[in-house]
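# Structural overview
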Amino acid sequence: MQPTKPTEARLRMAKVPVSNLQNLQKAQRVCVCAGLLALTACTSMTPVQPVGRDRFMIGSTVRGGFTTDGQVKSEVLQRARDFCGKKEMVLESSTSGGTQGWTPQTAEVLFKCE
């Protein structure tokens, strides 16, 4: 029986059971998945809130990951446009804060639907 991978060949020469190699590969996969999970961001979006006559506010908070400030604000603006539907969304003001990958990033948008 020919070893299929160079690592298996070395382990066979060292008389290490192949099952140990399989356990090592499983552990590597778990580490890779855990690392990818740590890089993902958790986003929460507030519901659209009325804040006066024909004026609305929406906000978003992103924790962890490497989402840019522009992406955070873009998602909030798109949600505001979706809320306005066929009407035009008119931006009145916007704020953002936080540091990418370090502190929670926030974005808030005040808008009208005309």
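What comes next is a walk through the structure. (Residues numbered from 1 in each chain as written. Predicted model: local features only at pLDDT ≥ 70, side-chain atom pairs only at ≥ 80, totals over all residues. Heavy atoms only, no water.)

## Focus: the overall build of the protein
When you go through the protein residue by residue, the secondary structure sums to three helices and five strands. The order of α-helices and β-strands along the protein, N terminus first, is α-α-β-β-β-α-β-β. Per-residue burial for the protein yields a buried fraction of 21% across its 114 residues. For the protein, the exposed area adds up to about 8,200 Å²; of that, 57% sits on carbon and sulfur atoms. (Helix = DSSP H or I, 4+ residues; strand = E, 2+ residues; numbered from the N terminus. Buried < 20%, exposed > 50% of the residue type's maximum accessible area, 1.4 Å probe, protein only. Areas by Shrake-Rupley, 256 points an atom, 1.4 Å probe, with all protein chains shown as cover.)

## Section: the environment of Met-57
Here Met-57 is to be found in strand E3 (residues 55-63). Separated by 19 residues in sequence, Met-57 and Val-76 place their C-alpha atoms 9.8 Å apart. For Met-57, the contacting residues outside a window of four places in its chain are Pro-47, Val-48, Gln-49, Val-51, Glu-108, Val-109, Leu-110 and Phe-111. (Contact = heavy atoms within 4.5 Å.)

## Side note on the nonpolar core
By size, the foremost hydrophobic cluster in this structure holds 14 residues, and its most contacted members are Ile-58, Met-89, Val-109 and Phe-111. Elements that contribute at least two residues to this core include exactly E3, helix H3 (69-84) and strand E5 (105-113). With five residues, H3 is the single largest residue contributor to this core. (Core = buried A, V, L, I, M, F, W, Y, C linked by side-chain atoms within 4.5 Å.)

## A short note on the pattern of salt bridges
Using the criterion set out here, one finds two salt bridges in the structure. Taking the shortest distance from any N to any O, the salt bridge between Glu-92 and Arg-55 comes out at 2.9 Å. Within this pair, whereas Glu-92 is found in strand E4 (residues 89-97), its partner Arg-55 is found in strand E3, the two being separated by 37 residues in sequence. Looking at Glu-92, the relative accessible area reads 34%, which means it is partly exposed. Exposure remark for Arg-55: the relative accessible area of 30% places this residue in the partly exposed category. Close ionic contact of Lys-112 with Glu-92 constitutes a salt bridge, the shortest N to O distance being 3.6 Å. Of this pair, Lys-112 sits in strand E5 while Glu-92 is found in strand E4, placing the two residues 20 residues apart along the sequence. Take Lys-112: its relative accessible area is 27%, and that puts it in the partly exposed class. (Salt bridge = Lys/Arg side-chain N within 4 Å of Asp/Glu carboxyl O.)

## Thoughts on the packing of aromatic side chains
By the definition in use, this model includes three aromatic pairs. On the numbers, 5.8 Å between centres and 35 degrees between planes, the contact of Phe-56 with Phe-111 is tilted. Placement of Phe-56 in strand E3 and of Phe-111 in strand E5 is noted, with a sequence separation of 55 residues between them. Given the relative accessible area of 0%, Phe-111 is considered buried. The interplanar angle of 80 degrees and the centroid separation of 6.1 Å between the aromatic rings of Phe-83 and Phe-111 together place this pair among those described as edge-to-face. Residue Phe-83 is located in helix H3, and its partner Phe-111 is located in strand E5; the two are separated by 28 residues in the primary sequence. By relative accessible area, which is 41% here, Phe-83 ends up partly exposed. (Phe/Tyr/Trp six-rings, centres within 6.5 Å; stacked < 30°, edge-to-face > 60°.)

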